[in-house]
Amino acid sequence: MNLMNYPRKSASISHYKRPLSWELEGKMYELVMDDGFANVLSFRDRICHWTIGDRSGDAAGYWCFKADDTTFFLTFEVTEEESHVYILDFAQRLVTRLICKKGVNPLNWHFIGREYVFGAIRIPGFRLPYKRHCFTSEHLGTRVQWRWSPQLYTQHAYLESNFYRITWDDGSEASSDFDETGVILPSTDEVAQYVKIKDKMVLLSLTEEIAERYEGDKQTFRCDNLTLLQNYDRMYQVGRGYGNVIFRNKLSHVHILIASYGSPVDLPASFLEAKNPFTV
Amino acid sequence: MNFTHDGKNYGFTQYRAPLAFDLYGKEFKLRSPAAEYTLRFDDKGFVALGDDRSYCETLKNSNDLYICVFGEKLSYLVLDLETGIALLKQSPESEMEFLTVDGYTPDALPGSTEEMGGTAVRWNFGCGRYLEHAYHEDGSCTCIWSPREDKRKTFKTAHYYKLRDSFFLVELDAAGPFYTDIPIGYSTLVLLQDYDRLLADGFIYSPALNDCLLVSAYATAPQFLA
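As the structure is a prediction and not an experimental result, all values here were calculated from the model.

This part takes up the overall build of chain B. From N to C terminus, chain B includes zero helices and 18 strands. The globule rule puts the C-alpha radius of gyration for 226 residues at 17 Å, and the 17 Å found for chain B is close to it. Once the C-alpha set of chain B is aligned to its principal axes, its extents read approximately 50 × 45 × 35 Å. For chain B, the proportion of its 226 residues judged to be buried stands at 60%. Relative to all contacts within chain B whose residues are 6 or more apart in sequence, the contacts with residues 24 or more apart total 44%. When the accessible surface of chain B is summed, it comes to about 9300 Å², and 48% of that surface belongs to carbon and sulfur atoms.

Before going further, it helps to spend a moment on the state of the cysteines. Using the criterion set out here, one finds zero disulfides over all chains in the structure. Of all cysteine sulfurs, the one in C100 of chain A lies closest to C223 of chain A, which takes part in no disulfide; the gap is 9.9 Å.

Further remarks concern the nonpolar core. Counting residues in hydrophobic clusters, the biggest one holds 58 residues, and the most contacted among them are W123, Y135 and Y195 of chain B. In contact with Y195 of chain B, not counting residues within four places along its chain, are L3, M4, Y6 and R8 of chain A together with M116, T119, V121, W123, Y135, S166 and F168 of chain B.

What follows covers the packing of aromatic side chains. Residues and elements named next belong to chain A. In the structure shown here, the tally under the stated rule is 29 aromatic pairs over all chains. Between W22 and Y62 the ring centres are 5.5 Å apart and the planes differ by 80°, which places this aromatic pair in the edge-to-face class. Of the two residues, W22 is situated in the segment before β1 (28–33) and Y62 in the loop between β4 (55–60) and β5 (63–68); the sequence distance between them amounts to 40 residues. Consider the rings of F72 and F90, whose centres lie 5.5 Å apart with planes at 85°: the pair is edge-to-face. With F72 in strand β6 (residues 71–79) and F90 in the loop between β7 (82–89) and β8 (94–102), the pair connects residues that are 18 residues apart, well separated along the chain.

Residues and elements named next belong to chain B. The sheet built from 10 strands is open, its strands ordered β9-β14-β15-β16-β17-β18-β10-β11-β12-β13 with antiparallel pairing. Edge positions in the sheet fall to β9 (111–112) and β13 (148–155), since each has one partner strand and no second. In the sheet, β9 pairs with strand β14 (residues 158–164) via two bridges, with the strands oriented antiparallel. When the sheet's bridge partners are listed, S112 is paired in β14 with Y161.

Residue and element names in this part refer to chain A. Secondary-structure assignment places K196 in strand β14 (residues 190–198). What makes K196 buried here is its relative accessible area of 19%. Put simply, K196 and I246 are 50 residues apart on the chain and 33 Å apart in space, counted from C-alpha to C-alpha. When neighbours within four sequence positions are excluded, K196 is seen to be in contact with H133, C134, T136, E138 and M201.

With that settled, the discussion passes to the pairing of strand β16 (residues 221–231) of chain A. Residues and elements named next belong to chain A. With 10 of 11 residues buried, β16 is to be regarded as a mostly interior element. Here β16 runs beside strand β17 (residues 236–247); their pairing, made up of nine bridges, is antiparallel. When the bridges of β17 are listed, N231 appears paired with Y236.

Moving on: a nonpolar patch on the surface. Residues F178, Y179 and I184 of chain B make up a contiguous nonpolar surface patch of roughly 430 Å² in combined accessible area. The class for F178 of chain B is exposed, based on a relative accessible area of 56%.

Here we come to the side chain of H156 of chain A. All names here are of chain A. Structurally, H156 can be placed in strand β12 (residues 153–160). Judged by relative accessible area, which is 3%, H156 ranks as buried. There is a polar contact of 2.8 Å between the side chain of H156 and the side chain of Y158. Contact partners of H156, with chain neighbours within four places excluded, come to T142, R143, V144, W146, Y164, R165, I166 and L267.

Bringing the sheet that holds strand β8 (residues 97–101) of chain B into the picture now. Spatially, the eight strands close up into a barrel ordered β1-β2-β3-β4-β5-β6-β7-β8 (chain B), and their pairing is antiparallel. Ignoring strand direction, the axes of neighbouring strands in this sheet form an average angle of 30°.

Calculation criteria
Residues numbered from 1 in each chain as written. Chains lettered and ligands numbered in written order. Predicted model: local features only at pLDDT ≥ 70, side-chain atom pairs only at ≥ 80, totals over all residues. Heavy atoms only, no water. Helix = DSSP H or I, 4+ residues; strand = E, 2+ residues; numbered from the N terminus. Rg over C-alpha atoms; globule rule 2.2 N^0.38 Å. Buried < 20%, exposed > 50% of the residue type's maximum accessible area, 1.4 Å probe, protein only. Contact = heavy atoms within 4.5 Å. Areas by Shrake-Rupley, 256 points an atom, 1.4 Å probe, with all protein chains shown as cover. Disulfide = S-S within 2.5 Å. Core = buried A, V, L, I, M, F, W, Y, C linked by side-chain atoms within 4.5 Å. Phe/Tyr/Trp six-rings, centres within 6.5 Å; stacked < 30°, edge-to-face > 60°. Pairing = 2+ DSSP bridges. Patch = residues over 30% accessible without salt bridge, like charges linked within 9 Å, V, L, I, M, F, W, Y side chains within 5 Å. Salt bridge = Lys/Arg side-chain N within 4 Å of Asp/Glu carboxyl O. Polar contact = N/O pair within 3.5 Å; in protein donor to acceptor, adjacent residues only side chain to side chain. Axes fitted to C-alpha atoms, helices over the stretch in contact; angles between N-to-C directions.

Right under this line is the structure:
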């Protein structure tokens, strides 16, 4: 049997997701966050118990990946309306927390609000570092092809600090998935934020706000947030997708693990130099 | 600044997955009809097999499935905690041992398999760096090494083991031609392959240098081998 024809389920952007890491099991971490609220994470029986100030909860089935030997991408859902992401960077003893919430926009429930807080991990025997992860523009000018599955690859250009731009060519499955978007919208620029974790490691969080604003109910995916920890040393990224999808006329919640492998790509000047039509 | 540059910082080991330390602090009893071992991960980056303690590197291929490389003799272990099975090879010259873990009694221990015959795959180890393999029904393997698509060789030194559905271990002695992306001298390949997610983890080994390099790869359809 040709095992390339193994009857695998189509997993789209989750296809190459790496196995979960359980290295944090049995551990507890006090996070000293810059918003002033005590934040504690403890991991037992594959459940993350968290507190932020007066809030606390159990996050059953936390998902944790490693982006390199000492950096963890941790995510869990508090409810379907609230998703937490922590980047735990043990080499530098730093942490970035991203909380995504649905239903915060009074005009459109699908819009996802995003709150970033930076901080440090208190490790006994070590001083709390003064440095922090930070929003960055160092990577602007990066062009990369991300392969999500044997058939699906997309090409990203990071040209502005608050946007990313995507394209694909005819050889990719994306051409059949996304071509309608290209007809309706004047460009593929979308809202994004970038956080520098360390040299050659960037946290990218993109939210499909512009497509939602323009297309609304015509879309299948409604303002999804993809948060990806990109390791440019090793040229792969790990992360999660969060939002809503309309499937068979029914609204469903989305919370999936995603990953892809990168390679350099040449993109046409017409794509790279086109003005972002969504900014002044 | 374009962070991708030419994306070749690590060459053939570019896509190597992060090392896994999930097993740190754990101890396992490995048993076969002929042998019994205590396996202890007593410190991060170290493993003790019986009384022999050595540095180890571990990659995680799937939830509860690991491949560890350790010891001066280049031992390696595939540990499947889901099925309670382990494969252990204590040196490149020794035979593969099939063991149970912690008293599990699986329906059947893994062994050599012919199920891979007919598979043709491209394993991508880095940006533009790949191996194409065609695994034949007679157990041989035809290889192409990037970037030399013109040179293909067939080897009879392939061993295939099936762990469980979609998970296979391939062990191959395959000295490639000169001027390929694989470092010269690294002729032995051990690759734990998952054909469901099309991901693989393992190592390449140089008998001459007595050195191994951990690798990870994703699979796409081959372009040169049918």
